[in-house]
Amino acid sequence: MPAKITMRSAAENRARLRAAGLALPLVAFVGVTFVAPLVSMLVRSVYDPVVADALPETIALLDDWDGMNVPEEAVFEAAARELLVAQEERTIGQIAGRVNRVQGGLRSVLVVSARRLRDASGSVGRDSMVDINPAWEEVETWHALRTAGERYTTRHYLAAVDLTRLPDGSVVRQAPDRRIYVPLFVRTLMVSLGVTLLCLILGYPLAHLIAHSPPRRGGLLLALVLVPFWTSLLVRTTSWIVLLQNQGVVNDLLVAAGFVADDARLALIYNMTGTFVAMTHVLLPFMVLPLYSVMHTIPRSHMSAAASLGARPGQAFWRVYWPQSLPGVGAGSLLVFILAIGYYITPALVGGSTGQLISNMVAYHMQTSLNWGLASALGGIILVCVSILYILYDRVTGGGRLGVT
Amino acid sequence: MANAERHASDDIHVEFENIGKSYDGRVMAVQDFNLSVRRGEFLSLLGPSGSGKTTCLMMLAGFEAPTTGAIRIAGRSVHALPPRKRGIGMVFQDYALFPHMTVADNLAFPLDVRGMSRDETRGLVRRALRLVRLEGFEGRRPGQLSGGQQQRVAIARALVFEPDLVLMDEPLGALDRHLREEMQYEIRRIHRTLGVTIVYVTHDQQEAMVMSDRVAVLRDGRIEQVAPPESLYEEPERSFVARFIGENNRLHGRVLSIEKDICRVRVGEDIVQAILVAPCEPGDATTLSIRPARIAVSPRPGLYTNEFDARIRDITFVGDHLRIRVEACGREDFVAKIPNMVGHGAVLEGDVVRIGWTPTDCRVLDAGEDHDA
Ligand SMILES: Nc1ncnc2c1ncn2[C@@H]1O[C@H](COP(=O)(O)OP(=O)(O)O)[C@@H](O)[C@H]1O
Ligand SMILES: [Mg+2]
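Residues numbered from 1 in each chain as written. Chains lettered and ligands numbered in written order. Predicted model: local features only at pLDDT ≥ 70, side-chain atom pairs only at ≥ 80, totals over all residues. Heavy atoms only, no water.

## Thoughts on the domain arrangement of chain B
All names here are of chain B.
In step 1: Per the domain assignment, the segments making up chain B are domain 1 (2–239) and domain 2 (248–365).
In step 2: Once you take the C-alpha centre of each, domain 1 and domain 2 turn out to be 39 Å apart.
In step 3: Counting residues at the interface gives eight residues for domain 1, matched by nine residues for domain 2.
In step 4: Surface buried jointly by domain 1 and domain 2 totals about 680 Å² across both partners, of which 47% is contributed by carbon and sulfur atoms.
In step 5: A per-residue breakdown of the area domain 1 buries against domain 2 is headed by Tyr233, Pro236 and Ser239, which together make up 61% of the total.
In step 6: Between domain 1 and domain 2 we count one salt bridge in total.
In step 7: Taken together, the links from domain 1 to domain 2 amount to four residue pairs in polar contact (both at pLDDT 80 or more).
In step 8: Looking at which element gives the most residues to the side of domain 1 that touches domain 2, the answer is helix H8 (residues 229–234), with three residues. (Domains from an automatic or database assignment. Contact = heavy atoms within 4.5 Å. Buried area = accessible area lost by both parts, 1.4 Å probe. Salt bridge = Lys/Arg side-chain N within 4 Å of Asp/Glu carboxyl O. Polar contact = N/O pair within 3.5 Å; in protein donor to acceptor, adjacent residues only side chain to side chain. Helix = DSSP H or I, 4+ residues; strand = E, 2+ residues; numbered from the N terminus.)

## Points about the nonpolar core
In step 1: Grouped together as the largest cluster of nonpolar side chains are 75 residues, with contacts concentrated most on Phe33, Leu35, Leu45, Leu60, Phe109 and Leu167 of chain B.
In step 2: Not counting the four nearest positions on each side in its chain, leucine 45 of chain B is found in contact with Phe33, Leu35, Lys53, Cys56, Val199, Tyr200, Val201, Thr202, Ala216 and Leu218 of chain B.
In step 3: Counting residues in hydrophobic clusters, the runner-up holds 30 residues, among them Leu55, Val75, Ala80 and Val109 of chain A. (Core = buried A, V, L, I, M, F, W, Y, C linked by side-chain atoms within 4.5 Å. Buried < 20%, exposed > 50% of the residue type's maximum accessible area, 1.4 Å probe, protein only.)

## Regarding the sheet that holds strand E10 (residues 222–227) of chain B
Residue and element names in this part refer to chain B.
In step 1: Spatially, the six strands line up as an open sheet ordered E6-E7-E8-E3-E9-E10, and their pairing is mixed. The strands lining the two open edges of the sheet, one partner per strand, are strand E6 (88–91) and E10. Between one strand axis and the next, the sheet turns through 15° on average, direction left out of account.
In step 2: Pairing analysis gives five bridges linking strand E9 (residues 214–219) to E10, with the strands arranged antiparallel. Counted as the bridge partner of leucine 218 is isoleucine 223 from E10. (Pairing = 2+ DSSP bridges. Axes fitted to C-alpha atoms, helices over the stretch in contact; angles between N-to-C directions.)

## Details of the site of ligand 1
All names here are of chain B.
In step 1: The full set of residues close to ligand 1 is Tyr23, Ala29, Pro48, Ser49, Gly50, Ser51, Gly52, Lys53, Thr54 and Thr55.
In step 2: Within the backbone of glycine 52, an N or O atom sits 3.1 Å from an oxygen atom of ligand 1.
In step 3: Out of a free accessible area of 560 Å², ligand 1 has 55% covered by protein chains.
In step 4: Residue classes in the shell around ligand 1 are distributed as three nonpolar, six polar and one charged. (Near = heavy atom within 4 Å. Areas by Shrake-Rupley, 256 points an atom, 1.4 Å probe, with all protein chains shown as cover. Nonpolar A, V, L, I, M, F, W, Y, C, P; charged D, E, K, R; others polar.)

## Things to note about the interface of chain A and chain B
In step 1: Facing the 18 residues of chain A at the interface are 20 residues of chain B.
In step 2: In total, chain A and chain B occlude about 1,700 Å² of area from one another, counting both sides; carbon and sulfur atoms represent 67% of this.
In step 3: Interface area lost by chain A to chain B is led by Ser308, Leu309 and Arg319 of chain A, which between them contribute 41%.
In step 4: Taken together, the links from chain A to chain B amount to one salt bridge.
In step 5: Measuring nitrogen to oxygen at the nearest pair gives 3.4 Å for the salt bridge that ties arginine 319 of chain A to aspartate 112 of chain B.
In step 6: There are six residue pairs in polar contact (both at pLDDT 80 or more) connecting chain A and chain B.
In step 7: Breaking the side of chain A that touches chain B down by element, the ones donating at least two residues are helix H15 (300–308) and helix H16 (313–341) of chain A.
In step 8: Per element, the largest residue contribution to the side of chain A that touches chain B is seven residues, and it comes from H15 of chain A.
In step 9: Within the side of chain A that touches chain B, the residues separate by chemical class into nine nonpolar, seven polar and two charged.

## Quick look at unusual backbone geometry
Glycine aside, residues mostly have negative phi, and peptide bonds are mostly found in the trans state.
Residues and elements named next belong to chain B.
In step 1: A positive phi angle is found at asparagine 18, which is not glycine, with a value near 50°.
In step 2: Structurally, the position occupied by asparagine 18 is in strand E1 (residues 12–21).
In step 3: On the accessibility criterion, asparagine 18 (45% relative accessible area) is partly exposed.
In step 4: Even without being glycine, glutamate 162 reaches a positive phi, approximately 55°.
In step 5: You can see glutamate 162 is positioned in the loop between helix H5 (147–159) and strand E7 (165–169).

Structure (structure tokens):
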């Protein structure tokens, strides 16, 4: 009966529409709080129109410049004109800051030149600008100006991996003393790996205990694992300061027990150790919960069956239990690792100078140096790393389990 | 017969001696449990849920330790043996197949952990699969099999390492009726083929009756009766068994007198003669049990010692017999089954007829727990 079928499919469509409607607030929420900032960050990492907009003529002329010798008179004239405009429109600070990031020391050159150009009268060209500051006679200055004027640029990403582009266009590594980010990325990966491993070693037996306890005891233990979630992250982190600081509980106990001399107290905090300990503590529940949720679906009878079939406890564990718990191990490790890679507050509070991670650098560029392009590029790299891991994990655990691929 | 010359105890494969088990130190889940299983026997533990069947099996397999008593396998106490050293094949109620392994790997597992060679393993796995008629399923995962197929794999895995004792805990509980009957037949066939000893747990009396050489009826952690299915049916020794196995009319009364093995029992207003099974004294409360099929409706007068008036409440046609519910001997649900033969005395609902039975078909048992019910 076609009529009936049509009616039902119409009803189905309406139901589907209503379901979609119910999801709308969520979609909007995710869009506003997650997708939009993410996209704007990624855009910012490759798109920077400030200099290009402020000095359009200069940048256009520099595009045709051979890059070997000091530019022609016309370029000087354009630059002088446009710097003057920028000075009047009070955008010179922004421009100078961006050029300065390409080559240190140029901020004052630009700011001072612009101010002095205002006082100068008559035709302004090469001579007067070199007069104001001899840096205008250097090829590097113009290179910096041209680089900062790239509307679409890879320079933030290059900087984020300690690379730089020479005037001749070739890409080389930064001078050894200026390589900051790659070592920091490596350190962040190592710390994240270490924290993940530590969480796994601590969390696996705990999750096993909870999953295979009688329901009441299991529930109680699970609640204990969840208690930290009800405590502010700041409180949890700062209590480690109380415990680990030089005159803290742990050191006092060690000294009292005679393991450590009073004048040789261990440096347990404001360094990598502090970051490690506090991060493991904070992230442990994120390991235990996925492990638990997988483990409590593994029937007790499987271990009994393995034993009755002749397996020693070790064989039963490694061949029957462990493989079945792997999705939990994967999910927990991935979760902890992803959270650790982007971890910010804990290292900021207890990491001192040696315990800082890449996200602390992102925060620095966001809040202090205001180099949002670089901050975005660093964030973009973290995002790519995490996405790759995520896809890898999804493939390894059989695909589609997390609803992606 | 060479067998007859063997010492009797050679034939005992499994022995429970005075086994008691308490999980919490107060309530006994199993007690006074004495049972011998003969080599090659198919013995079922039958009882309602919570009667201690699984507990007995777990103690035999080594997953639970008896609180009192000793378990012997082939004459040796297994007290100190962990499960993996008992060499017992076990089929779990939920099958306990390893979901991350293929069927072949599941079957190879017990052989691998015994350090068997690849060739030997492959041969044994193939043989076990042929035994349960699952050739060609080697590469499947348990999740890709139907319930019945999973069941077969579980059985094959319990047999593949050639144990001579196999335990099964309600293995067919999760299957639908049709599959269950098919698997009952399969398990019996396998039992006959291999000659292994099987201790089988079920709460389904029909299943136990169909499959077993002997059935041990359990109730509240104690054995009520151990007997072959026929005698359990024909000669229940306990009122619980009479109630649990098949259908029985049960009359509650008091013993008046005993003459040799014939008892006179007062049931309400009537006096019934019955055969003595459980020891009793005049004045004792007792339960009489009579199979519905042993009751004659409108018999030739004077043929039976026990003859009473009965009002017919309803008649149900059940294929080859009629099932007649009557009011008699103070009960309203007295059931008689009579063959559905053409020309059989026409009976109608509401009629008052005579019913009768011989004393030997009527058994005097213990009072039972629902005596006053
Ligand atoms: N692991 C256990 N802990 C405590 N009590 C148990 C445990 N297993 C069984 N029992 C108790 O022992 C009694 C017998 O149980 P069980 O052997 O499982 O019976 P069945 O298998 O016949 O249903 C029940 O009262 C049950 O509650
Ligand atoms: Mg049970």
